[in-house]
Amino acid sequence: MSSEGGQGAWSAPHLDPELGAVLAALGGRAREPVTPQGLAELQRRDAAARPRPTLDELADGGRFEVTELSAPGNGDGGQVGLVGARPAGQGGPLPLLYYLHGGGMVMGNARSVLPRLLRDLALPLGLAVVSVEYRLAPGTRYPGAVEDCYAGLVRVAEQASALGLDAERIVVAGKSAGGGLAAALALLTRDRGGPVPAGQLLLSPMLDDRNDTVSGHQMAGHDTWDRTSNATAWQAVLGDRRGAADLPPYAAPARATELGGLPPAYLEAGSAETFRDETVAYADAIWRAGGEAELHVWPGAFHGFDTFAPQAAVSRDALDARTRWLRRILGR
């Protein structure tokens, strides 16, 4: 298969057998690309179909204490919605996973990700989770989403004592678009002198608006989020600024040239996903700046593999690795 620009032939990496079977069973819909023409309809379908649990549902019969919070927006009079949850009956200030949902910055909601986060991480690690309802593109372009995430982080850190949280043990985290936003948030709070996270958990992060990596070409038409979908989302977020030479790193963290002074990072991607190369490059840039990063590239994994196939062996290994890293970081 020839790439754009005559860069040669690109062969997609092999899929893990368990993951490949799941992807095959899902059919072509799982790999249907997001196009500019279809984005508005996709957003309508996503808003209607994606789960948005009530506070009572999130409480899960009293297993969790759930609260709604808000933070002042970035000077526009609006409010940033936050949903917080913690294991019930936990005493003392808890560490916090400050989580930014995925969806290409064009889809998703803060509540849909909470049940799994609470089950997989909050209960075993005894931590709280706050999920951010940041504004979506193209209705809100850059810097709206990252500013929402920053405003929420500032409010949570300021109110940590009242909320029963340990302000010294906040990990900014996210998957896909949320991973990219978490990376941008770590850069932004460093440069503004804002709250200092204890770590950044970047899962298959969406980092580079230029959309021209080898893995992106390899997985075109194959991944659950490919170059076409990625270009559509970045265009929605950045408009005419996509690809601009002077784009700030808070818009696309792969543009950062100074990666010193950042909190320890955990980065992961699949070997068979679009975001593989930009994730590896970002970890390498952190190391080159003298920073701390733990990198995992899961063999044969496509984008969102652990969401589609949570019981697959590689998905369980990925969860174990994240959990061990969080335990180390929060135990410092």
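Residues numbered from 1 in each chain as written. Predicted model: local features only at pLDDT ≥ 70, side-chain atom pairs only at ≥ 80, totals over all residues. Heavy atoms only, no water.

### Here we look at the sheet that holds strand E6 (residues 199-203)
Phase 1: Strand order in the open sheet formed by eight strands is E1-E2-E4-E3-E5-E6-E7-E8, and the pairing between neighbours is mixed. The sheet is open, and its two edges are formed by strand E1 (64-72) and strand E8 (293-298), each paired on a single side. Direction aside, the axes of adjacent strands within the sheet are offset by 20° on average.
Phase 2: Sheet topology places E6 next to strand E7 (residues 265-270); four bridges connect them, and they run parallel. Within E7, the position partnered with Leu201 by the bridge is Tyr266. (Pairing = 2+ DSSP bridges. Helix = DSSP H or I, 4+ residues; strand = E, 2+ residues; numbered from the N terminus. Axes fitted to C-alpha atoms, helices over the stretch in contact; angles between N-to-C directions.)

### Description of the side chain of Lys175
Phase 1: Position of Lys175 among the secondary structure elements: in strand E5 (residues 165-175).
Phase 2: Since its relative accessible area comes to 17%, Lys175 is described here as buried.
Phase 3: Within the local environment of Lys175, its side chain forms a polar contact with the side chain of Asp306, the two groups lying 3.0 Å apart.
Phase 4: With near-sequence residues (within four places) excluded, Lys175 lies in contact with Tyr99, Leu100, His101, Gly102, Arg116, Leu203, Asp306 and Thr307. (Buried < 20%, exposed > 50% of the residue type's maximum accessible area, 1.4 Å probe, protein only. Polar contact = N/O pair within 3.5 Å; in protein donor to acceptor, adjacent residues only side chain to side chain. Contact = heavy atoms within 4.5 Å.)

### Some thoughts on the packing of helix H4 (residues 114-125) against helix H12 (residues 313-330)
Phase 1: Packing of H4 against H12 brings their axes to within 11 Å, and their N-to-C directions diverge by 35°. Crossing of H4 against H12: the hand is right-handed. For the pair formed by H4 and H12, the contact residues are Asp120, Leu121, Pro124 and Leu125 on the first element and Leu319, Thr323, Leu326 and Arg327 on the second.
Phase 2: Each residue belonging to the contact of H4 with H12 can be placed in one class, and the counts come to five nonpolar, one polar and two charged. (Left-handed = near helix turned anticlockwise from the far one by under 90°. Nonpolar A, V, L, I, M, F, W, Y, C, P; charged D, E, K, R; others polar.)

### So, helix H7 (residues 177-192)
Phase 1: With 16 residues, H7 ought to run about 22 Å at 1.5 Å a step, and its terminal C-alpha atoms sit 22 Å apart, in line with that.
Phase 2: Burial of H7 is extensive: 13 of the 16 residues sit out of reach of the surface.
Phase 3: In the stretch just after H7, Gly193 is the one whose phi turns positive, near 70°. (Expected span 1.5 Å × (residues − 1).)

### Observations regarding the pattern of salt bridges
Phase 1: Under the criterion given, the structure shown has 23 salt bridges.
Phase 2: Linking Asp120 and Arg116 is a salt bridge whose minimum nitrogen-to-oxygen distance equals 3.1 Å. Of the two residues, Asp120 and Arg116 both sit in helix H4, four residues apart, roughly one turn of that helix.
Phase 3: In this structure, Asp166 engages Arg169 in a salt bridge whose closest nitrogen and oxygen atoms are separated by 2.9 Å.
Phase 4: Within the structure, one salt-bridge network assembled from shared partners comprises Arg116, Arg119, Asp120, Lys175, Glu268, Asp306 and Arg322. (Salt bridge = Lys/Arg side-chain N within 4 Å of Asp/Glu carboxyl O.)

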